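A closer look at the structure
Single-letter residue listing:
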Amino acid sequence: MKIMVCIKQVPAKDSTLRLTEDSTWIREQDLSYEINEPDAYALEEALRLKEKHGGEVVVCSVGPDRVQQVIREALAKGADRAIHLVADGGSRLDSYPAARLMAEAVRREGFDLICTGLQSDDLGFAQTGVVLAELLGLPHATIIMEVQAEDGRLKVKRELEGGWFQWVQMPLPALLTIQSGINKLRYATLKGIKQAKSKEIRRVIATELGLKAEELAGRQKLHRVYVPVKTKQTEFIDGSPKEAAAKLVEKLQRDARVL
Amino acid sequence: MEIAFKTQIPGGGFLIEERLPEEVFTPEDFTEQHRLIAETAEQFMRNEVLPRWEQIERQEPGLTPRLLRQAGELGLLSIDIPERYGGTEMDKVSSTIVVERFAQYASFLASHGAHSVIGTLPIVFFGNEEQKKKYLPRLATGELIAAYCLSEAEAGSDALSIRTRAVLSPDGKHYLLNGEKMWITNAGFADLFIVFAKVDGEKFSCFIVEKGFPGVATGAEEKKLGIKGSSTRTVILEDARVPAENLLGEVGRGHVVAFNILNVGRFRLAAGCIGGAKQALQHAAGYANQRRAFGKTIAQFGLIQEKLAEMATRIYAGECMIYRTAGLIDPLLAEAIPDSPAYGEQVRKAIEEYAVECSIDKVYCSEILDYVADECVQIYGGYGYHQDYPAERAYRDARINRIFEGTSEINRLLITGMLLKRAASGRLGLRAAIEGLFQGSPASGRSTEARSMEERSTEERNTEAASLLGTEKHLVAAVKKTALLVAGVAYQKFADSLADQQEITAAISDIVMEVFAMESALLRAGKMAARSGVQSSPQPIPDSGPQTVDDKTAHVLAMTRLFLHSRMDWVEQRARTVLAGAITGDALRRQLATLQQVTRREAVDTIALRRQIAARIIQKGKYAAG
Ligand SMILES: Cc1cc2nc3c(=O)[nH]c(=O)nc-3n(C[C@H](O)[C@H](O)[C@H](O)COP(=O)(O)OP(=O)(O)OC[C@H]3O[C@@H](n4cnc5c(N)ncnc54)[C@H](O)[C@@H]3O)c2cc1C
């Protein structure tokens, strides 16, 4: 099975976030980065499928040079080769241009399966995988909890709301967006880390893919980001103890949503 | 920036040569590969070891060996084993990185080190082809766990006085070993013992002893103050039958094995101390941020900030030292050819070259850890004295590091001793440097050097102060001169009997250690500053730190300043001890005057510096320069 995994580099979870002067993004120079969490599970799932069915795992990442960090990590964990789509401001691309770039770069590769994370930890659109599937004309399924591949077909378990699941059968080639926590992530072994050095990373310059600028332009604009202001409000509930208790429960359920 | 090593830097050379920032390795030079290794080691600790520390602390049977094997699967036991014997064969920077992460739990670090360093390296360095093929692949995976058996009840520091005997059987097929080894880390579950014994009671030698050989047994677990999760037992050899081919190295050359292994062990231990100290600082900073008293968090108090800043600053210096040392050893290691039979020898030589630096790192970093662990307890207050809080264990676990792998005393004696030996054999131009300092007439009044410093023009001083870290460069030059001054005076007085003057020798070592520490801190700061493009800044640096650099660089610059200025006070004190212990009367007065001129400096506001440093530690809740 020839599998591609799309991985995004996102600000590390323990970063201290500070805003840029114009308050339209976070200050990138203070950040350290890591692999987007659901993408790590997508990679793990792909590596397991390869171990079971043979084939190849190729990782693809869009972004500036620093995304080589997550590419190397994926190679160290066992991916066979990588495609780096060099694009400045890659982390701030909307889902559409990011998917568009990847579609152009990998169209001729003929992957049997493409796995992406369910969504990114930074922008959280949950659209890149779905758009990519559309652009490549592939069937897709989202929020995947389990993957079984047999006789050129897939059987996948999707997470629905309220503790419900759905099993779906689909043909290959296909695209899946993978949910976090569905498998146990492996460590990069030191041997793997050493071998990663000699694995191929194909650099594709975004601007050389022959796409028009307007096709890559964001469809949306961030006007302002801000740190939520913590406020403290005190509210007195009156009435008899019994009434007050009932009102309190209602408030905790409806307004505070902690019950 | 590439690391540009000028050919080979001689061991101990830091004392007499000047280095440029780009010549030292620093954590800012980590490659992507190094970062990935750090990540693997960190995750392994976080997911597998730390959640089980209480079971390990109780020495739950089989747990540590299992975790070691798991580490082995990831390649974390075999960084120093060549690939052809199943190892991962990586550089010293990589092993330093791993050790720092493993130090988050000292007992596990001790087990890991006893196995993968002092237990395994004797075979890597001194084993013959058969021995390497037989044992290394299984040591790499952790299938076999090793221990290093040198100490005995009556022979610790004085290791050459061991009583364990080995006698060759009449048919020459095996040795019979008799004796008892004490304090052996990993003894409870080790499969392989590297045992030192004297052949015929005279010739110091080394043997590979399998647990299953007849006549090998271990005693009960020792009841220790700290690192309680590591196994420490006696190893009892009663007519233990060891095949003749398990002699490691040559008969009568066992001390070469013993001492060379300790060089690596010391370096590694230093890295462990810095990792442990970072962990303690993180606990302390986290606690200071949440503990409230008098309506504030205690982190808001000046005296707590002072502690946090001082802890961070010393850790920073130690970190600079260990990675600089790794960076010294690695280029020499890179020249060793793994497939050649001389590989072990080449690697050993590379490490022996920097034995002085390894000893310095060991003493200095173990004392940093003790200081940091002690202040950690203090910041926790009463809760620091309770077993349910991490400060208590950190405090107990820290203590061993000043004792094993050569006590602080023994290493202090070694540092000056080895430097003098290197000087005598012509490998280090110490004598010329000292003579240069005195310009041929040591006792005749003030040295030319001191005069020239005094006479430096105002203009010269101004430009120096204006350039980044100019004053601090001057301090490093001054501490080097101080070291040469006191070494020269002491040597002139005591010559070859200097070793008998232990207090003086140790005081000289103290100053030598500061040279290495202060210069390492300065060079790293210089490298970082250059990278953020401020070196050419013509403006004097405001006390609040340069405005143009990123937060981390500003933090490092502040720590470097604080460190250099405050250590200089200590250097002066130690120098006075040496001078007053070596000479008297007019000669003493003259040399004290020289010392005063060499070390003359302006006072800096260390209170402001510490507050500035603490602010970042408090904000990050941890060591914030790594
Ligand atoms: C937990 C633990 C684990 C250990 N693990 C191992 C191991 O795996 N393998 C192994 O072989 N050993 C191991 N050791 C032993 C350790 O290396 C020794 O304890 C250490 O070398 C000190 O020796 P000693 O205890 O005999 O003290 P001594 O040598 O008796 O020293 C006592 C004091 O005298 C000082 N002193 C000694 N000689 C001099 C001198 N010439 N000049 C000035 N002062 C001097 C020392 O610095 C010390 O302060 C371990 C010890 C402990 C506690």
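Residues numbered from 1 in each chain as written. Chains lettered and ligands numbered in written order. Predicted model: local features only at pLDDT ≥ 70, side-chain atom pairs only at ≥ 80, totals over all residues.

1. Examining the overall build of chain B
When its secondary structure is counted, chain B shows 21 helices and 10 strands. The burial tally for chain B puts 53% of its 626 residues in the buried class. The long-range share in chain B, meaning contacts at least 24 apart out of those at least 6 apart in sequence, stands at 78%. (Helix = DSSP H or I, 4+ residues; strand = E, 2+ residues; numbered from the N terminus. Buried ≥ 20, exposed ≤ 12 C-beta atoms within 10 Å, placed from the backbone. Contact = placed C-beta atoms within 7 Å.)

2. What to know about the overall build of chain A
On a plain count of helices and strands, chain A comes out with seven helices and 11 strands. Counting only C-alpha atoms, chain A reaches 70 × 45 × 40 Å along its principal axes. The contacts in chain A between residues at least 6 apart in sequence include a share of 69% that link residues at least 24 apart.

3. Observations regarding the pairing of strand β11 (residues 201–205) of chain A
Residue and element names in this part refer to chain A. Among the five residues that make up β11, zero are buried, leaving the element largely open to the surroundings. In this structure, strand β5 (residues 81–86) lies alongside β11, joined through five bridges in parallel fashion. Considered in β11, the bridge of His84 is made with Arg203. (Pairing = 2+ DSSP bridges.)

4. Here we look at the site of the ligand
Residues and elements named next belong to chain B. Near the ligand lie 21 residues; those nearest to it are Gly156, Ser157, Trp183, Thr407 and Glu409. Listing elements by their share of the shell around the ligand, those giving two or more residues are β1 (146–149), β3 (174–185) and α13 (408–424). The element that contributes the greatest number of residues to the shell around the ligand is β3, accounting for three residues. A breakdown of the residues in the shell around the ligand according to their chemical character gives 11 nonpolar, seven polar and three charged. (Near = placed C-beta within 6 Å. Nonpolar A, V, L, I, M, F, W, Y, C, P; charged D, E, K, R; others polar.)

5. Notes on the interface of chain A and chain B
With 14 residues of chain A at the contact, the number on the chain B side is 14 residues. The biggest single contributor to the side of chain A that touches chain B is helix α2 (residues 68–77) of chain A, with five residues. Classifying every residue of the side of chain A that touches chain B gives five nonpolar, four polar and five charged.

6. Examining the confidence of the model for chain B
Taken residue by residue, chain B gives an average pLDDT of 91. The fraction at 70 or more is 92%. Scored below 50 in pLDDT, residues 535–547 of chain B makes 20 contacts in the model with residues more than four places away or belonging to other chains. (pLDDT = per-residue confidence, 0-100.)

7. Things to note about the packing of helix α9 (residues 302–335) of chain B against helix α11 (residues 355–380) of chain B
All names here are of chain B. α11 packs onto α9 with a crossing angle of 160 degrees between their chain directions and a minimal axis gap of 10 Å. The orientation of α9 with respect to α11, classified from their angle, is roughly antiparallel. Seen along the crossing, α9 lies across α11 with a hand that is left-handed. Contacts between α9 and α11 pair Ile304, Lys307, Met311, Arg314, Ile315, Gly318, Met321, Ile322, Thr325 and Leu328 from the former with Glu357, Cys358, Asp361, Tyr364, Cys365, Ile368, Tyr371, Val372, Glu375, Gln378 and Ile379 from the latter. Residues belonging to the contact of α9 with α11 are distributed by class as follows: 13 nonpolar, three polar and five charged. (Axes fitted to C-alpha atoms, helices over the stretch in contact; angles between N-to-C directions. Parallel < 35°, antiparallel > 145°, perpendicular 65-115°, else oblique. Left-handed = near helix turned anticlockwise from the far one by under 90°.)

8. Description of the sheet that holds strand β1 (residues 2–6) of chain A
Residues and elements named next belong to chain A. Taken in spatial order, the nine strands make up an open sheet running β9-β8-β7-β10-β6-β1-β4-β5-β11, and their pairing is mixed. Lying at the two open borders of the sheet, with one neighbouring strand each, are β9 (165–171) and β11. Sheet twist, expressed as the average angle between the axes of neighbouring strands with direction ignored, equals 30 degrees. Sheet strands touched by helix α4 (residues 128–136): β1, β6 (113–117), β7 (140–150) and β10 (174–178). Its angle to β10, the strand with the most contacts, is close to 180 degrees.

9. Things to note about helix α1 (residues 32–49) of chain B
In a regular helix each residue adds 1.5 Å, so 18 residues correspond to 26 Å; α1(B) covers 25 Å between its end C-alpha atoms and thus fits that length. What α1(B) keeps buried is the set B:Leu36, B:Ile37, B:Thr40, B:Ala41, B:Phe44, B:Met45 and B:Val49. Residues of α1(B) that are buried sit in contact with α2 and α5 (190–196) of chain A together with α2 (53–57), α3 (63–73), α4 (92–102) and α5 (106–119) of chain B. (Expected span 1.5 Å × (residues − 1).)

10. Here we look at the environment of A:Lys13
All names here are of chain A. With respect to the helices, strands and loops of the structure, Lys13 is situated in the loop between β2 (9–11) and β3 (33–35). Residue classification places Lys13 among the exposed positions, given that 9 C-beta atoms sit within 10 Å. In sequence terms Lys13 and Glu215 are 202 residues apart; their C-alpha atoms lie 31 Å from each other.

11. Points about unusual backbone geometry
Cis geometry is found at the peptide bond from A:Leu172 to A:Pro173, where omega equals -5 degrees. Considering the arrangement of structural elements, one finds A:Pro173 in the loop between β9 and β10. Even without glycine at this site, B:Gln59 takes up a positive phi of about 55 degrees. Mapping B:Gln59 onto the fold places it in the loop between α2 and α3. A positive phi is found at B:Asn186, a non-glycine position, where the angle reads about 80 degrees. Residue position: B:Asn186 is located in the loop between β3 and β4 (192–199). According to the C-beta neighbour criterion, B:Asn186 is buried, with 29 such atoms within 10 Å.

12. Brief notes about the packing of helix α17 (residues 470–494) of chain B against helix α18 (residues 502–531) of chain B
Residue and element names in this part refer to chain B. Between α17 and α18, whose axes approach to 9 Å, the crossing angle comes to 160 degrees. As the angle between them shows, α17 and α18 are arranged roughly antiparallel. Crossing handedness for the pair α17 and α18: left-handed. Each of Glu472, Lys473, Leu475, Val476, Val479, Lys480, Thr482, Ala483, Val486, Ala487 and Ala490 in α17 lies in contact with α18, whose residues at this interface are Ile504, Ile508, Ile511, Val512, Glu514, Val515, Met518, Glu519 and Leu522. When its residues are assigned to classes, the contact of α17 with α18 shows 14 nonpolar, one polar and five charged.

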